Amino acid sequence: MDIIEAMKERRSVRTFDGQPLTDEQKTALNGIIGQAEDPFGGDVAIRLKSFDLRAGYRPGTYGMIRGASDFFLVAFADDRMSALSAGFRFEQVVLRAWEMGLGTCWIAGTFKDADFNSGEEWASGERLRVVCPVGVAAEPRLFEKVARITFGSKNRKPFGRMFFQDKVGRPVDADSPFREALEMTRLAPSSRNSQPWHAVVKGKTIHFYSEGKSPLAPVDMGIGICHFCETERFLGRNGSITVIPDHPAPLRDWEYVATYTSAD
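Below you will find a few notes about this structure. On a predicted model such as this, the values are computed, not experimentally measured, just so you know.

**Concerning the sheet that holds strand β3 (residues 103-104)**
No. 1: Pairing is antiparallel across the open sheet formed by 4 strands, whose spatial order is β1-β2-β4-β3. What marks the edges here is a single partner per strand, and that holds for β1 (44-50) and β3.
No. 2: In this sheet, strand β4 (residues 126-135) lies alongside β3 in antiparallel orientation, the contact comprising 2 bridges. Bridge pairing links threonine 104 to valine 134 in β4.
No. 3: Strands β1, β2 (70-77) and β4 of the sheet are contacted by helix α2 (residues 23-35), whose axis makes an angle of about 175° with β1.
No. 4: Lying over the sheet, helix α3 (residues 80-99) contacts β1, β2, β3 and β4, oriented at roughly 160° with respect to β2.

**Here's the deal with the nonpolar core**
No. 1: The biggest cluster of nonpolar side chains holds 48 residues, and the ones touching the most others in it are Leu29, Phe72, Leu182, Phe208, Ile225 and Phe228.
No. 2: The biggest single contributor to this core is α3, with 8 residues.
No. 3: Setting aside its immediate chain neighbours within four residues, phenylalanine 72 contacts Leu29, Ile33, Arg47, Leu48, Phe90, Val93, Thr104, Val130, Val131, Cys132 and Val134.
No. 4: Core analysis: the next-biggest nonpolar cluster, separate from the first, contains 24 residues, Phe71, Phe111, Val131 and Met184 among them.

**Focus on the packing of aromatic side chains**
No. 1: Following the criterion strictly, the structure yields 15 aromatic pairs and no others.
No. 2: Their ring planes at 80° and their centres at 6.1 Å tell us that phenylalanine 40 and phenylalanine 88 sit as a pair that is edge-to-face. With a gap of 48 residues between them, phenylalanine 40 in the loop between α2 and β1 and phenylalanine 88 in helix α3 connect regions that are remote in the sequence. Per residue, the accessibility class of phenylalanine 40 equals that of phenylalanine 88, and both read buried.
No. 3: Three or more aromatic residues joined by ring pairs form one cluster here, namely Phe51, Phe71, Phe111 and Phe116.
No. 4: Over the ring of phenylalanine 76 we find arginine 129, and its NZ or CZ is 5.1 Å from the ring centre.

**As for the sheet that holds strand β7 (residues 205-210)**
No. 1: In spatial order, the strands read β5-β6-β7-β9-β8; together these 5 strands make up an open sheet with mixed pairing. The open sheet has two edge strands with one neighbour each: β5 (163-165) and β8 (239-242). On average, adjacent strands in this sheet sit at an angle of 20° to one another, irrespective of strand direction.
No. 2: By the bridge criterion, 6 bridges tie strand β6 (residues 197-202) to β7 in an arrangement that is antiparallel. Its bridge partner being in β7, valine 201 is matched across the sheet by isoleucine 206.
No. 3: Contacting β5 and β6, helix α6 (residues 179-186) runs over the sheet at an angle of about 170° to β6.

**Notes on α6**
No. 1: For α6, the full list of buried residues reads Ala181, Leu182, Met184, Thr185 and Arg186.
No. 2: The secondary structure elements touched by the buried residues of α6 are α1 (3-9), β5, β6 and α7 (217-234).

**Let's talk about the pairing of β2**
No. 1: With 8 of 8 residues buried, β2 lies mostly within the body of the structure.
No. 2: Neither face of β2 is exposed, since Asp70, Phe72, Val74 and Phe76 on one face and Phe71, Leu73, Ala75 and Ala77 on the opposite face are all buried.
No. 3: In the sheet, β1 pairs with β2 via 7 bridges, with the strands oriented antiparallel. Within the sheet, the bridge partner assigned to leucine 48 lies in β2 and is phenylalanine 72.
No. 4: Strand direction decides the pairing type here: β2 and β4, joined by 7 bridges, are antiparallel. Note that in β4 the partner of phenylalanine 72 across the bridge is cysteine 132.

Parameters and conventions
Residues numbered from 1 in each chain as written. Predicted model: local features only at pLDDT ≥ 70, side-chain atom pairs only at ≥ 80, totals over all residues. Heavy atoms only, no water. Pairing = 2+ DSSP bridges. Helix = DSSP H or I, 4+ residues; strand = E, 2+ residues; numbered from the N terminus. Contact = heavy atoms within 4.5 Å. Axes fitted to C-alpha atoms, helices over the stretch in contact; angles between N-to-C directions. Core = buried A, V, L, I, M, F, W, Y, C linked by side-chain atoms within 4.5 Å. Buried < 20%, exposed > 50% of the residue type's maximum accessible area, 1.4 Å probe, protein only. Phe/Tyr/Trp six-rings, centres within 6.5 Å; stacked < 30°, edge-to-face > 60°. Lys NZ or Arg CZ within 6 Å of the ring centre and 35° of its normal.

As C-alpha cells, this is what we get:
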C-alpha cells in the first residue's frame, strides 16, 4: 500500500481486536513518530502509551473505543501554529500506521485526562488535547456504524466547492498538476467531518484558507495540508509551505492559513 491508497482507504476505527501491539510494531511506530515533521514550527509532542487490559484497566473514552490497549497521545500548545503542526505531523503517523495494517481514531475531548496523563509530563505550554487508539481493527459495533452514518464520515463536499483557479468561482483547470493533491486534501478527515479547507491555485502557488469556526479547525487544516504535501512528495514534486505575513486578502469570511509554492 502506498500513501495515496492509504489516504483513499483509511477510516476511523473504534473497535479493536483486544490484542496489544507487538514490540516490533511499537518500535516501528515510535520510529514514524520520530520522523514526522511539519512546516509550521509549533510546539507538539506525540507519544505512544500502552495499557494492560489483562489487568482490568480500561482508559476512559466514554464508550467511544473498545478493545484498544495502545494509544497515541498528542499534546500541543494553545496557539494556532501549534494546532496546525499537530494536525500536519500526527496525520503522517496515522497514515503510516494504516499502511502497517493498523487502525486509528482521532479523539479530542471525549477522554478522561487523568487516565492518559498519569505518569506523563509535558513541556511548558503543551497540554494533552488528542488521544488516538492504535491496533488491529475488529468487526465494527452497531454504535460505530451508527456514528459513521450520523457524522456522515464517508461524505465529502464536491471538489468544485472547495478549490478554485485564480479566483473563487472559477474551477481548477482540468490539466492542473495540483488536481490529485487537492483531491487527497478533499478526502482528508476532519472533526465532525467539517471539511474547513479551501484553496486557490495561482500558477505554481496555492493559497489555503479555512472556513472552520471551531477550536479544532486549525488542527483540521493541518491534516488537510498534510494530505496535499504528502501527495506532492509522492508524485516526486518539490515544494514548500510558508505562512506569508503579507498574505492575500482573506476571501469571503475565510481565514488565510498558508501558501504552498512548487519548485518544479
